[in-house]
Amino acid sequence: MKAPIGIPPEFSDLKYLVDWSKKIGLKLIQLLPLNDTTATHSWLDSYPYAAISAFALHPMYLRLQEVIKKDQTNLIAPFQNQMEQLNALPEIDYDGVMQLKWKLLKIIYTENGKKDLATAGFKKFFKQNEHWLVSYSAFSYLRDLHGTVDFNQWPTHANYNEAAILKLVDLKSKTYQDIAFFYFVQFHLHLQLLEATQYAHQNGVIVKGDIPIGVYRFGADAWQNKGLFHMDMQAGAPPDDFAVSGQNWGFPTYHWGAMARDGFAWWISRFDQMK
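Read on for a plain summary of the structure. Counting starts from 1 at the beginning of each chain's written sequence and moves along it residue by residue. Totals for whole chains, interfaces and linings use all residues, but because this is a predicted model, local features are given only for residues with pLDDT of at least 70 and pairs of side-chain atoms are given and counted only at 80 or more. With hydrogens and water excluded, all non-hydrogen atoms of the structure serve as input to the side-chain values.

On to the packing of helix H2 (residues 80-87) against helix H3 (residues 94-116). Every axis corresponds to a line fitted to the C-alpha atoms, with the helix fit spanning only the stretch in contact, and the corresponding angles, defined between N-to-C directions, vary from 0 to 180 degrees. For the purposes of this entry, the term helix denotes a DSSP run of H or I that reaches at least four residues, the term strand denotes a run of E that reaches at least two, and both are numbered from the N terminus. For the pair H2 and H3, interaxial distance at closest approach is 10 Å and the crossing angle is 150 degrees. On the basis of their axis angle, the class for H2 and H3 is roughly antiparallel. Between H2 and H3 the crossing geometry is left-handed. Counting all contacts with H2, which are made through Gln 82, Met 83 and Leu 86, the residues of H3 involved are Gly 96, Val 97, Leu 100 and Leu 104. Class assignment of the residues belonging to the contact of H2 with H3 gives a composition of five nonpolar, two polar and no charged. For this classification, under 35 degrees means roughly parallel, over 145 means roughly antiparallel, 65 to 115 means roughly perpendicular, and everything else is oblique. In this scheme the crossing of two helices becomes right-handed for a clockwise turn of the near helix relative to the far one and left-handed for an anticlockwise turn of less than a right angle. Note on contacts: a residue pair qualifies if any of its non-hydrogen atoms lie within 4.5 Å across the two residues. The nonpolar class holds Ala, Val, Leu, Ile, Met, Phe, Trp, Tyr, Cys and Pro. Asp, Glu, Lys and Arg form the charged class, and all remaining residues, Gly among them, are polar.

Looking now at H3. Between its first and last C-alpha, H3 extends only 28 Å over 23 residues, short of the 33 Å set by a 1.5 Å rise per residue. Throughout, the bend at a residue refers to the angle made by two axes, fitted to the seven residues ending there and to the seven starting there. The principal kink in H3, of about 55 degrees, is found at Thr 110. In this scheme, a helix's expected span is set at 1.5 Å multiplied by one less than its residue total.

As a further point, take the pattern of salt bridges. In what follows, salt bridge is the name for a side-chain nitrogen of Lys or Arg lying within 4 Å of a carboxyl oxygen of Asp or Glu. On inspection of all chains with the given rule, the structure shows seven salt bridges. Between Arg 143 and Asp 144 there is a salt bridge whose closest N-O contact spans 2.8 Å. By relative accessible area, which is 2% here, Arg 143 ends up buried. Buried means the residue's accessible area, taken with a 1.4 Å probe over protein chains only, is under 20% of the maximum for its type, while exposed means over 50%, and partly exposed covers the values in between. With a relative accessible area of 36%, Asp 144 lands in the partly exposed category.

The backbone of His 41 sits at a positive phi, close to 55 degrees, despite the residue not being glycine. Its location among the elements puts His 41 in the loop between strand S1 (28-30) and H2. A relative accessible area of 38% means that His 41 is categorised as partly exposed. Phi angles above zero are rare outside glycine, and His 157 is one such case at about 60 degrees.

A word on the side chain of Asp 221. Here Asp 221 shows up in helix H7 (residues 220-224). Despite its burial, Asp 221 pairs with no opposite charge, the nearest such side chain being Arg 270 at 6.9 Å. The contacts of Asp 221, once residues within four sequence positions are left out, are Ile 52, Ser 53, Ala 54, Phe 55, Phe 229 and Trp 266. Residues scored as charged are limited to Lys and Arg (positive) and Asp and Glu (negative), so that His and the chain ends carry no count.

Mapping Asp 36 onto the fold places it in the loop between S1 and H2. Whenever two N or O atoms come within 3.5 Å, that pair is a polar contact, provided that in protein one can donate a hydrogen and the other can accept it, and provided that, for residues adjacent in sequence, both atoms are side-chain atoms. Here Tyr 136 takes part through its side chain, which lies 2.6 Å from a polar atom of the side chain of Asp 36. Once residues within four sequence positions are removed from consideration, Asp 36 is found in contact with Ala 51, Ile 52, Ser 53, Ala 56, Leu 57, His 58, Pro 59 and Tyr 136.

Time to look at a nonpolar patch on the surface. The patches reported here contain residues having more than 30% relative accessible area and no salt bridge. Joining distances are 9 Å for like charges and 5 Å for nonpolar side chains (Val, Leu, Ile, Met, Phe, Trp, Tyr). The accessible surface values rely on the Shrake-Rupley method and a 1.4 Å probe; as for residues, cover is taken only from the protein chains in view. Taken together, Leu 17, Trp 20, Ile 24 and Leu 26 make up a surface patch of nonpolar side chains, about 370 Å² in accessible area. On the secondary structure map, Leu 26 appears in the loop between helix H1 (14-24) and S1. Residue classification places Leu 26 among the partly exposed positions, given a relative accessible area of 37%.

On to the nonpolar core. The biggest cluster of nonpolar side chains holds 75 residues, and the ones touching the most others in it are Phe 11, Ile 108, Leu 117, Phe 139, Tyr 183 and Trp 266. Per element, the largest residue contribution to this core is 13 residues, and it comes from helix H6 (residues 176-202). Once residues within four sequence positions are removed from consideration, Tyr 183 is found in contact with Leu 117, Phe 122, Phe 125, Phe 126, Leu 133, Val 134, Ser 137, Val 169 and Tyr 176. Residues belong to a common nonpolar core when they are buried Ala, Val, Leu, Ile, Met, Phe, Trp, Tyr or Cys residues joined through side-chain atoms within 4.5 Å.

So yeah, pure geometry; function would need other evidence.
In structure tokens, the structure reads:
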């Protein structure tokens, strides 16, 4: 079976990998981290272990053709040649793919966002994921508004304040529609990954994820929960045959004492998200 023309990689492509795995007798597919790494809107974000959220999925993996309705192909048809050109490249043009996907997602959101966010499916998704979805979406909005992922440089909301964020995401606020765009994207990512993993399970194939040991210093998790991390420290690895001077990953280290005081709630939520 040949995968359809599109921009790889996408969650829906997992079905073809499942078909191949089943054919040759494999029982497990292991994936690298799938989290959103959008920090600079450039190829620098292609490193999968520098996620701006330990919960949000990466828009790179969303199949646009499955976000639109069957009678809405006109929304993406003008960009079909560009999509096929990107897909035909021997290596992924990270910048080109993401610039096009963000552009088309905003077009689709303008057309479908209000209806999709009013569905029972979205309301259920929102209720289950509100604890990270609201802060992540507000973070993404503020990142783009202020032109940097480094929240320490933001002229507003540099320090996370739940009451202030709730005002930003209020349905009557001027910022709601811009922030809800990220709800829309994450909802459709959830639907497509869920469909792909269910297909795998139906065919006797396990899909195993990857939980990175660290979190990005300038991500939504660190912004919302600074007290859970030692922001004045950096994680890395000791010297070995591959890096004789050791490695500095730049991630803040965990404040295990602070995490223990609330029963490791952040970790429990993170593991629950990976189910």
